[in-house]
Every structure is written in C-alpha cells, then in structure tokens.
Amino acid sequence: MRIAVAADERVGVATELSAELEKRGHETTLHGALSATERDDWAWASEAAAREVAEGRADQAIVCCWTGTGASIAANKVSGIRAALCADGATAAGARNWNDANVLALSLRSTSSAELREILDAWFGAAPSADAADQANIAHLADIENS
C-alpha cells in the first residue's frame, strides 16, 4: 500500500513511523519535517499528504503534529478526505470500520512506540463496514461536502 506520511517536527514517533510502515511492506512518501524540501508547518505538511490520497497518488495517509488535532483539521479540509485522530487501537479500528477513514492523525506528544504499533495494527487490520447504515453515513459526508 502507498502511504503518504506527514509530520511538522521530527519528535516522538515521527521518525520511527515511516520505518515501521516500510517494515510492514508499505511504500511511503514523506512530507513536512520528514522531507528535506518541503515546508514543515502542520497545515502545509498535512495538506500535502491528504492531497496525495485525494488525487490517487497514495492509498492512505498518516499525518502528525504535537496534538494531532491541527494535522487532522488540515487534512479534513481536502475534498474527499476523512481524517481521524486516533490515540488507541480501538479508535483506529472504529475509524476505519464505521467512518471509512482514509487518513490517520496521530499526536507526536502522546503516542508511544507501543501505542503506535497497536494503532497501526488496528488501522490496517480493519476494513470499511458493509452495513447499509454505515455506508449511508459515508455517502452523506460527500453530500455535506458538496452542499
């Protein structure tokens, strides 16, 4: 899977994230502070990763900032993106399952290495729900976005 990864700082799990993804067999594209050529502010870095997903150059993205909140807000401004700030595996699984989230947002401040692995296990282990009510909610998000 192609994963766009963005962080506004090289702290916390930012640097180990891409290595962990590559260890799991994913191809990564790095943005923000993880790239030598891009602006490292959270809004710009998260937008760049989210646009890769929206434009089909990446299957999913993972965006990070100190709290994860700004990164998720910036990613969600890109049309077609459903970014979810996840602090644990259960939330990550639910975001993929019920919300068909295509961007994972993480806090660089509070995500430990062990939590990172648990969140990634849950995120990649879950799939979008086939339940009609869940699919209707996802479809309604597109209606909201286009209204």
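The numbers attached to residues start from 1 for each chain and follow its sequence in the written order. For a predicted model such as this one, the threshold for reporting local features is a pLDDT of at least 70, and the threshold for listing and counting side-chain atom pairs is 80 or more; totals across whole chains, interfaces and linings nevertheless cover every residue. Water and hydrogen atoms were dropped before computing side-chain values, which therefore reflect all heavy atoms in the structure.

*Asks:* Teacher, can you tell me more about the sheet that holds strand E2 (residues 27-32) here?
*Replies:* The strands making up a sheet associate through backbone hydrogen bonding, with each pair oriented either parallel or antiparallel. For two strands to pair, DSSP has to find at least two bridges joining them. To qualify as a helix, a DSSP run of H or I must reach at least 4 residues; to qualify as a strand, a run of E must reach at least 2; elements of each kind are numbered from the N terminus. Reading across the sheet, the five strands line up as E2-E1-E3-E5-E4 and stay open at both edges, with parallel pairing between neighbours. Edge positions in the open sheet fall to E2 and strand E4 (83-85), since each of these has one partner strand only. With direction set aside, neighbouring strand axes in the sheet form an average angle of 20°. For strand E3 (residues 60-65) and strand E5 (residues 103-107), the ladder comprises five bridges, and the chain directions are parallel. The residue of E5 that forms the bridge with Ile62 is Leu104. When checking whether two residues touch, look at their non-hydrogen atoms; a contact exists if any pair is within 4.5 Å. Angles here are taken between N-to-C directions and fall from 0 to 180 degrees, while the axes themselves are lines fitted to C-alpha atoms, restricted in helices to the stretch in contact. Contacts from helix H3 (residues 69-76) reach E3, E4 and E5 within the one sheet, and its direction differs from that of E3 by about 140°.

*Asks:* Is there a simple way to explain the side chain of Ser72 in this structure?
*Replies:* Assignment of secondary structure puts Ser72 in helix H3. Residue classification places Ser72 among the buried positions, given a relative accessible area of 9%. The contacts of Ser72, once residues within four sequence positions are left out, are Val63, Ala83, Leu85 and Ala105. Residue exposure (1.4 Å probe, protein chains only): buried if accessible area is under 20% of the type maximum, exposed if over 50%, otherwise partly exposed.

*Asks:* What exactly am I supposed to notice about the pattern of salt bridges here?
*Replies:* Two side chains that carry opposite charge are able to pair once their charged atoms sit near each other. For this analysis, a salt bridge means a side-chain nitrogen from Lys or Arg found within 4 Å of a carboxyl oxygen belonging to Asp or Glu. Under the defined criterion, the tally for this structure stands at nine salt bridges. Here Arg24 ties to Asp121 by a salt bridge, and the two come within 2.8 Å at their closest N and O atoms. Pair noted here: Arg24 is in the loop between helix H1 (14-23) and E2 and Asp121 is in helix H5 (residues 113-125), with a separation of 97 residues, a long-range link. A salt bridge links Asp41 to Arg39, with the nearest nitrogen and oxygen atoms 2.6 Å apart. By relative accessible area, Asp41 is classed as partly exposed at 33%. Of the residues examined, Arg39 reaches a relative accessible area of 46% and is grouped as partly exposed. Three or more residues joined by partner-sharing salt bridges are found here, namely Glu20, Lys23, Arg24 and Asp121.

*Asks:* Would you mind showing me how to read the packing of helix H4 (residues 89-99) against H5 here?
*Replies:* For any two helices packed against each other, the geometry is given by the interaxial angle and the distance between the axes. Taken N-terminus to C-terminus, the directions of H4 and H5 make an angle of 25°; their axes are 8 Å apart at the nearest point. It follows from the interaxial angle that H4 and H5 lie roughly parallel. Crossing of H4 against H5: the hand is right-handed. Together, Gly89, Ala92, Ala93, Ala95 and Arg96 of H4 and Glu118, Ile119, Ala122 and Trp123 of H5 make up the contact between the two elements. Each residue is assigned to one of three groups, with Ala, Val, Leu, Ile, Met, Phe, Trp, Tyr, Cys and Pro labelled nonpolar, Asp, Glu, Lys and Arg labelled charged, and all others, Gly among them, labelled polar. In terms of residue class, the contact of H4 with H5 is made up of six nonpolar, one polar and two charged. Working definition: roughly parallel below 35 degrees, roughly antiparallel above 145 degrees, roughly perpendicular at 65 to 115 degrees, and oblique for all remaining angles. Crossing handedness is read from the near helix: turned anticlockwise from the far helix by less than a right angle, it gives a left-handed crossing, and turned clockwise, a right-handed one.

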